[in-house]
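# Working through the structure, step by step
Single-letter residue listing:
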Amino acid sequence: GLHNKLGDVPAIQAAADTHGRALFDVRHPTKEFSVASGKPRSGNRLLAVGTDCSLGKMYTTLALWKGMLARGMKADFRATGQTGIFITGEGVSVDAIIADFISGAVEELAPANDADHWDLVEGQGSLFHPSYAGVSLGLLHGAQASHLVMCHQPGRPHMRGIPHQQLPSLEDCIALNERCARLTAPDAKVVALSFNTSKMSDAEAEDCLKSHADKFGMPCVDPVRIGVDAILDIL
C-alpha cells in the first residue's frame, strides 16, 4: 500500500520540487475525528462485506450507486479506501485512521440523512482475515448499516497473502457479520450475495449464481457479468 507518505521518500520529494509538482497523499486524513457514539441515525446504509480481500466490494457498491441513481433514488457512494477516493474525489481511507477513531470516522462519512436516502459504503478486508479484521470491524460498527451484501470469490484457494489461511464458509461469514453489525444496527442482515466469477465460464457462473441464490434465499449476482438489478429490486 501507500501507508508511507510520498513526501517522506526523498527522491520523490526532490523530483516534485524540481519539476514543480504537487504530491497528494489521499490515504492520510487531513482532519481529526471523534470516537464513535453508536447513536442510531436516520437514513438507509448498505455496506459491502466479504469472505476475503480484493473480491469486488468496491465495485459492487459503485454498481449499486450507479443503478440507484439511474432509478431516480437518492444515493451516495461513501469511499473508504484510496481508490474509491480517487474515483469520487472524497472519502476517508479507514486503514490510515488510528484504530480508536475508525468507527467515528465512518459515522461522520455516512451521517444521518433523509428516510429515503441510501449511503453505499465501500467495504474493506474481512472479519476472517487475520491481517485486516480490525479495520473491517471498525468499519462495520461505524457504518451502522442495516443492509449488508456479502462478497465472495468461489474457488479461491486461500485468504489473500496468507496461504495457510482458508476462506470461511459463506454461512459462517454471514452469521459473524450480522452478529457484529447488530451492535450498532440491531436489524442488520445480509440481503444479497455478490460473487466474482471471473475464473468461471459463462455456464459455470450461471449455475453457481443460481444454486447459491436458491440455497440462501437471496439474490446472488456477479455485478460485472450480469449487473446488480436483482439486488436493486429488493432494496
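Our structure's up above, just so we're on the same page.
Every value quoted in this text rests on a predicted model; they were computed, and no experiment measured them.

## Considerations on the environment of Glu-178
Mapped onto the elements of the fold, Glu-178 is located in helix 6 (residues 170–181). When the C-alpha positions of Glu-178 and Ala-188 are compared, they lie 5.9 Å apart, and in sequence the two are ten residues distant. Ignoring sequence-local partners within four residues, the contact set of Glu-178 consists of Leu-148, Ala-188, Lys-189 and Val-190.

## So, empty space enclosed by the protein
Rolled over the atoms, a probe with the dimensions of a water molecule shows which regions are left empty. Summed over the entire model, instances satisfying the criterion amount to one cavity of 30 Å³ or more. Only strand 1 (44–50) and helix 5 (133–143) provide two or more residues apiece to the lining of the largest cavity. Its residues assigned to classes, the lining of the largest cavity comprises six nonpolar, seven polar and no charged.

## Re the pattern of salt bridges
Inspection of the entire model under this criterion finds 13 salt bridges. Among the salt bridges present, the one from Asp-119 reaches Arg-78, with a minimum N-O distance of 2.8 Å. Linking Asp-119 in strand 3 (residues 117–121) with Arg-78 in strand 2 (residues 74–78), this pair joins segments that are 41 residues apart in sequence. Each member of the pair Asp-119 and Arg-78 is classed as buried. The partner of Glu-171 in a salt bridge is Lys-215, and the shortest N-O contact between them spans 3.0 Å.

## A look at helix 5
Within helix 5 the residues assigned to the buried category are Ser-136, Gly-138, Leu-139, Leu-140, His-141, Gly-142 and Ala-143. In the segment just after helix 5, Gln-144 is the residue with positive phi, at about 45°.

## Overview of the packing of helix 5 against helix 6
One way to put it is that helix 5 packs onto helix 6 with a least axis distance of 9 Å and a crossing angle of 55°. One finds that helix 5 runs oblique with respect to helix 6. Of helix 6, the residues touching helix 5 (which contributes Leu-137, Leu-140 and His-141) are Asn-177, Cys-180 and Ala-181. Taken together, the residues of the contact of helix 5 with helix 6 break down into four nonpolar, two polar and no charged.

## Thoughts on the layout of surface pockets
The volume enclosed by the largest pocket comes to roughly 550 Å³. Considering the residues around the largest pocket, the lining is formed by 23 residues, among which Arg-27, Asp-95, Gln-124, Gly-125 and Arg-160 are closest to the centre. Of all elements in the fold, only helix 2 (57–70) and helix 3 (82–88) reach the threshold of two or more residues within the lining of the largest pocket. Residue lining of the second largest pocket: 19 residues in total, with Val-26, Thr-30, Ile-85, Gly-91 and Val-92 positioned closest to the centre.

## Regarding the pairing of strand 4 (residues 147–152)
For strand 4, the tally of buried residues reaches five of six residues, placing the bulk of the element in the interior. The pairing of strand 1 with strand 4 spans five bridges and is parallel. Looking at the pairing, Ala-48 lines up with Val-149 of strand 4. The pairing of strand 4 with strand 5 (residues 189–195) spans six bridges and is classified as parallel. Pairing of Val-149 across the sheet is with Ala-192, part of strand 5. After leaving strand 4, the chain enters helix 6 and then returns to the sheet as strand 5, a path that is right-handed.

## So, the sheet that holds strand 3
With parallel pairing, six strands are arranged side by side in an open sheet as 2-3-1-4-5-6. In this open sheet, the two strands that pair with only one neighbour each are strand 2 and strand 6 (220–221). The sheet strands contacting helix 6 are strand 1, strand 4 and strand 5, and the helix crosses strand 4 at an angle near 150°.

What counts and how
Numbers given for residues are sequential positions, taken from 1 along each chain in its written order. Local features in this predicted model are restricted to residues whose pLDDT is 70 or higher, and side-chain atom pairs enter the listing and the counts only when it is 80 or higher, whereas totals over whole chains, interfaces and linings include all residues. Excluding hydrogens and water, the side-chain values take into account all heavy atoms of the structure. Starting at the N terminus, helices and strands are each numbered in turn, a helix being any DSSP run of H or I of at least four residues and a strand any DSSP run of E of at least two. Throughout, a residue-residue contact means that at least one pair of heavy atoms, one from each residue, lies within 4.5 Å. The definitions used throughout rest on a 1 Å grid laid over the protein atoms alone, on which a cavity is an enclosed set of points accommodating a 1.4 Å probe that cannot get out and a pocket is an open set flanked by protein within 12 Å on both sides along at least five of seven lines; lining residues are those having an atom within 4 Å of a point. Grid points are joined across faces, edges and corners, and a volume is the space filled by probe spheres set on the points. In the scheme used here, Gly and all other residues not listed as nonpolar or charged are polar, with Ala, Val, Leu, Ile, Met, Phe, Trp, Tyr, Cys and Pro taken as nonpolar and Asp, Glu, Lys and Arg as charged. In the sections that follow, a salt bridge refers to a side-chain nitrogen of Lys or Arg positioned within 4 Å of a carboxyl oxygen of Asp or Glu. We call a residue buried when its accessible area falls under 20% of the maximum for its residue type, exposed when it is over 50%, and partly exposed in between, using a 1.4 Å probe and counting protein chains only. Each axis is a line fitted through C-alpha atoms, and for a helix only the stretch in contact is used; angles between axes span 0 to 180 degrees, taken between their N-to-C directions. Should an angle fall under 35 degrees it is taken as roughly parallel, and over 145 as roughly antiparallel, whereas 65 to 115 is taken as roughly perpendicular and any remaining angle as oblique. Following DSSP output, two strands are said to pair if at least two bridges run between them. Crossovers are marked right-handed if the path from the first strand over the helix to the second runs clockwise, as seen with the strands pointing away from the viewer.

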